Structures are given as C-alpha cells and as structure tokens.
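# Tertiary structure, described
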Amino acid sequence: MIAPSSPALTALFMGTGSSVGVPMIGCSCPVCQSPDLRNRRTRSSILVSSGGKNILVDTAPDLRFQALREGLSRIDAVIYTHAHADHVLGLDELRTFNFIMQEEIPIYAPPRVLERIRTMFSYAFSDVNREGVTRPKLVPRELPGPMEIHGVFVTPFLVEHGPVMNTALRIGDLVYLTDCNAVPPEGKRVMKGASTMIVGAVRYEPHESHFGLSQAVAEITEVGPRQGYITHLSHRMDHATLEKELPPGISPAYDGLRIVV
Ligand SMILES: [Zn+2]
Ligand SMILES: [Zn+2]
Ligand SMILES: [Zn+2]
C-alpha cells in the first residue's frame, strides 16, 4: 500500500559514512587525509521534513555534532531501521531535544528492532530511574507495516543485511535503503515508482552484508527514479572520483546535502 499522492518532502543527509565514519581513527589513506570536505562523513542518518515536521531516520553516534552543524533544534519523530550501533548509539542525544521542545519524542521501529533498542538502552525505558540520570523521554511505537507519521506515508520493508534483516523505508516517494546486500521481491514491489532513492554502498566490491557500488547502482537503475544517491560510504570511496564514475542521475551523497523529493 503506497499513498497515491505524497506531500512534498525534503531530505537532509545528517551523515553518509559507514559504521566507523570517515576519516577513520588512525588511518592515513588519501580519502581519510583528503581536504575535500565531502569526504568527511559522519555515521549515516537522514532528516526528512514535511509540513514543518522533522522525522529523523536513525540516531547515529554523531547526532549531537550533526544537529549542531545543521542548527537542528526540533525532532518530531524518529524511525529506526535496525539496531546496529552506527544507527542507534546517538539515542541519548534526544534528551536535548526533549528539553528544548518540552515534549516527548515518539520513536518508531519494527517490533523486533524496538525490542533490541529497549534492551540496549534499558536505563531509558525502565519504569524506575535507578541510575539517577536525566533520561531521554521517548514514546516507543511499533512500525509493523505501512502507517502515516506526521502526515507522511511510511512503508517499511525487509531487506537482507548479512546474517540479519534490516528495514528499508519508503517515505512518500523517497526510498531509504542502507545496510543491505539483497532486496527480496516484496521490497522490489514497494520501491516501484519512487522518485528518489538513497542506497548504501560501503565500497566498490560486494561485501557480505552491504552492496558494492555496482550493486547499489543496479538497484537504483532497476527502479529508475528521477534521482539516486549513494550513502553509507567508507574511506575506500573518494567523493570526486565517485562523482565522475557514477551514471547520470546518480550522485554520491555527502554530509549536509539537502534534496527535494
Ligand atoms: Zn550501518
Ligand atoms: Zn582511510
Ligand atoms: Zn547495519
């Protein structure tokens, strides 16, 4: 089920890096040492905005830095794709948004992902505040299938991510597909007709739990959106080189890039 007419969306790349970010700690490779700011990648996340509401997809460990960089002071909802560290470890930073907004923040995730997050951040979700710390005020909400979040139609679909399943998202006419090495037929159906696709590729060669670059490009080409972006990039990928290599209509994403869907 995909909404027949989707409201105008913008997407802001909060982060476009692989799990360790770029530059990588202790690395002196040309990309890690590059003066090109587009090669400085925090961990992957996007902010989708529509009708004055901001929906954050994943809370990267770099969320504090990303929010400061973008002057972000409002998050109306968070959607989690999966519970890998590079996608959830910034959860505690939501405290600051609670404080500024004086509101609780709903967090949406498929039931199994929500369960993992509750375990990883038990201090934030237990009934008793045993640690005596200021905790983020979050309202966990299951995202078992298509639903409307702040007027935006969101369809989650399962994709293969090595030994685990990850959740990709269709948000209006936008597809956000990171951390994936294969899309099952149901996902192919959901992606059909998308106008914008953001697909992850960590390196040129295929990886056991991620697309290589040509696989990500093939996935975009098969759907044929108006614009495609590659994200979740490691230090093996130089921005300027990628820009030259990618086919027309597909670009490497970079931190801070804003797009209209
Ligand atoms: Zn990841
Ligand atoms: Zn490096
Ligand atoms: Zn992952």
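Shown above is the structure to which this text applies.
Residues numbered from 1 in each chain as written. Chains lettered and ligands numbered in written order. Predicted model: local features only at pLDDT ≥ 70, side-chain atom pairs only at ≥ 80, totals over all residues. Heavy atoms only, no water.

## Notes on the coordination of the zinc ion (ligand 2)
Around the zinc ion (ligand 2), the donor atoms from the protein are Cys 27 (SG), Cys 29 (SG), Cys 32 (SG) and His 235 (ND1), and they sit 2.1 to 2.3 Å away. Because the angles between the 4 donor atoms bound to the zinc ion (ligand 2) fall within 103 to 114°, the donor set is best described as tetrahedral. The motif formed by the donor residues of the zinc ion (ligand 2), counted along the single chain, is C-x1-C-x2-C-x202-H. Take Cys 32: its relative accessible area is 5%, and that puts it in the buried class. (Donors = N, O, S within 2.8 Å, 3.2 Å for Na, K, Ca; no water. Tetrahedral: all angles 85-135°; square planar, octahedral: opposite > 155°, others 65-115°. Buried < 20%, exposed > 50% of the residue type's maximum accessible area, 1.4 Å probe, protein only.)

## Topic: the side chain of Ser 234
Among the structural elements, Ser 234 can be located in the loop between strand S12 (227-231) and helix H8 (239-245). Residues in contact with Ser 234, not counting those within four places in the same chain, are Ser 18, Val 22, Arg 41, Val 202 and Arg 203. (Helix = DSSP H or I, 4+ residues; strand = E, 2+ residues; numbered from the N terminus. Contact = heavy atoms within 4.5 Å.)

## Regarding the coordination of the zinc ion (ligand 3)
Each angle at a metal carrying four tetrahedral donors should ideally be 109.5 degrees, and each at a metal carrying six octahedral donors should ideally be 90 or 180 degrees. Coordination sphere of the zinc ion (ligand 3), protein contribution only: His 82 (NE2), His 84 (ND1), His 161 (NE2) and Asp 179 (OD), at 2.2 to 2.3 Å. In this structure, the zinc ion (ligand 3) is surrounded by 4 donor atoms whose angles at the metal cover 91 to 168°, and the resulting shape is irregular. The sequence pattern describing where the donors of the zinc ion (ligand 3) fall on their chain is H-x1-H-x76-H-x17-D. Between the two metals, the zinc ion (ligand 3) and the zinc ion (ligand 1), the spacing is 3.6 Å, and Asp 179 donates to both. Remark: Asp 179 occurs in the loop between strand S10 (174-177) and helix H6 (185-191) and His 82 occurs in the loop between strand S4 (77-79) and helix H2 (85-88); sequence separation between them is 97 residues. Given a relative accessible area of 3%, His 82 falls into the buried group.

## Description of the environment of Pro 136
Examined against the element boundaries, Pro 136 turns out to sit in the loop between helix H5 (122-125) and strand S6 (138-142). Between the C-alpha atom of Pro 136 and that of Ile 105, which follows or precedes it by 31 residues, the distance is 8.6 Å. Apart from residues no more than four positions distant in its own chain, Pro 136 is found in contact with Leu 91, Asp 92, Arg 95, Asn 98, Tyr 123 and Ala 124.

## Comments concerning the sheet that holds strand S2 (residues 45-50)
Read across the open sheet, the 7 strands follow the order S6-S5-S4-S3-S2-S1-S14; overall the sheet is mixed. Of all strands in the sheet, those bounded by a partner on one side alone are S6 and strand S14 (258-260). Between one strand axis and the next, the sheet turns through 25° on average, direction left out of account. By the bridge criterion, 5 bridges tie strand S1 (residues 10-15) to S2 in an arrangement that is antiparallel. Note that in S2 the partner of Thr 10 across the bridge is Ser 49. With respect to the sheet, helix H1 (residues 63-70) is in contact with S1, S2, strand S3 (53-57) and S14, its orientation differing from that of S1 by roughly 130°. (Pairing = 2+ DSSP bridges. Axes fitted to C-alpha atoms, helices over the stretch in contact; angles between N-to-C directions.)

## Overview of the environment of Glu 142
If you trace the backbone, Glu 142 turns up in strand S6. If we ignore the near neighbours within four places in the chain, the residues touching Glu 142 are Ala 109, Pro 111, Leu 114 and Met 147.

## With respect to the pattern of salt bridges
Tallied over the full model, the rule gives 15 salt bridges. Arg 95 serves as the salt-bridge partner of Asp 92, at 2.9 Å between the closest nitrogen and oxygen. Since its relative accessible area comes to 33%, Arg 95 is described here as partly exposed. When salt bridges that share partners are traced, they join Arg 69, Glu 70, Asp 255 and Arg 258 into one network. (Salt bridge = Lys/Arg side-chain N within 4 Å of Asp/Glu carboxyl O.)

The quantities given are spatial measurements derived from coordinates; they are silent on function.
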